[in-house]
Amino acid sequence: MSRVNPSPADLKFDEGRLMQVLVAPIVSEKATMVADKSNSVTFKVLQDATKPEIKAAVELMFKVEVKGVSVVNTKGKTKRFGKSVGRRDNVRKAYVTLKPGQELNLSGEAA
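Residues numbered from 1 in each chain as written. Predicted model: local features only at pLDDT ≥ 70, side-chain atom pairs only at ≥ 80, totals over all residues. Heavy atoms only, no water.

**Q** For this particular structure, what's the right way to read the overall build of the protein?
**A** A tally of regular secondary structure across the protein gives 3 helices and 6 strands. Walking the protein from its N terminus toward its C terminus, one meets helices and strands in the order α-β-α-β-α-β-β-β-β. Counting across all 111 residues of the protein, residues that qualify as buried make up 25%. The long-range fraction of contacts in the protein, counting pairs at least 24 apart against all pairs at least 6 apart in sequence, stands at 62%. When the accessible surface of the protein is split by element, carbon and sulfur atoms take 53% of a total near 8000 Å². (Helix = DSSP H or I, 4+ residues; strand = E, 2+ residues; numbered from the N terminus. Buried < 20%, exposed > 50% of the residue type's maximum accessible area, 1.4 Å probe, protein only. Contact = heavy atoms within 4.5 Å. Areas by Shrake-Rupley, 256 points an atom, 1.4 Å probe, with all protein chains shown as cover.)

Here it is in structure tokens:
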């Protein structure tokens, strides 16, 4: 009997790839508000990262259980430097919601 949507635990991802999926945690006012309200953390992720990959990466690196992953693609702004016009990189953000009772400490200090 095959399932339509296998869970990320069933899928096997390349561990080296998973280590690269999460680029950096996003620490901003909005990310902090979301974290307080819905027990979730925000990460900057690779442009081609999938939701199951992000879930597997967070579970592997932080040893927590993930409830869900939401992803936002933000287009880079066009910026001018005198005459020349440049562009910021596009950013893919992942809002990772943790299961109740799970906690992820990004600050590095012991709680």
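Now, onward.
**Q** What exactly am I supposed to notice about the environment of R80 here?
**A** Mapped onto the elements, R80 comes out in strand β4 (residues 78–81). Under the relative-accessibility criterion, R80 is labelled exposed at 60%. A polar contact of 2.9 Å, which involves the side chain of R80, links it to the backbone oxygen of G82. (Polar contact = N/O pair within 3.5 Å; in protein donor to acceptor, adjacent residues only side chain to side chain.)

**Q** In this structure, what is going on with the sheet that holds strand β3 (residues 66–74)? I would like to understand it.
**A** Strand pairing in a sheet takes place through backbone hydrogen bonds and is either antiparallel or parallel in direction. Judged by pairing direction, the sheet is antiparallel, and its 4 strands sit side by side in the order β1-β2-β6-β3 without closing on themselves. Here the strands that pair on one side only, and so sit at the sheet edges, are β1 (22–25) and β3. On average, each strand axis in the sheet is inclined to that of its neighbour by 30°, with strand direction left out of account. Against the sheet, helix α2 (residues 29–38) touches β2 (40–45) and β6 (91–98), its axis set at about 140° to β2. Helix α3 (residues 51–62) contacts β1, β2, β3 and β6 of the sheet and is inclined by roughly 125° relative to β3. (Pairing = 2+ DSSP bridges. Axes fitted to C-alpha atoms, helices over the stretch in contact; angles between N-to-C directions.)

**Q** Please clarify how α3 should be interpreted in this entry.
**A** Because each turn of an α-helix spans 3.6 residues, side chains separated by three or four positions in sequence point in the same direction. Taking 1.5 Å per residue as the helical rise, α3 with its 12 residues ought to reach 16 Å, and the 16 Å between its terminal C-alpha atoms agrees with that figure. Looking only at α3, the buried set comprises E53, I54, K55, A56, A57 and V58. Residues of α3 that are buried make contact with α1 (15–21), β1, β2, β3 and β6. Directly after α3, the chain includes K63, whose backbone phi takes a positive value near 55°. (Expected span 1.5 Å × (residues − 1).)

**Q** Is there a simple way to think about the pattern of salt bridges in this case?
**A** In a structure, side chains of opposite charge can pair up when their charged atoms sit close to one another. Under the counting rule described, the total for this entry stands at 3 salt bridges. E53 is paired through a salt bridge with R17; the nearest N and O atoms lie 2.9 Å apart. With E53 in helix α3 and R17 in helix α1, this pair connects stretches of sequence that are 36 residues apart. On the basis of relative accessible area, R17 is assigned to the partly exposed category, the value being 22%. (Salt bridge = Lys/Arg side-chain N within 4 Å of Asp/Glu carboxyl O.)

Structural measurements only, silent on function.
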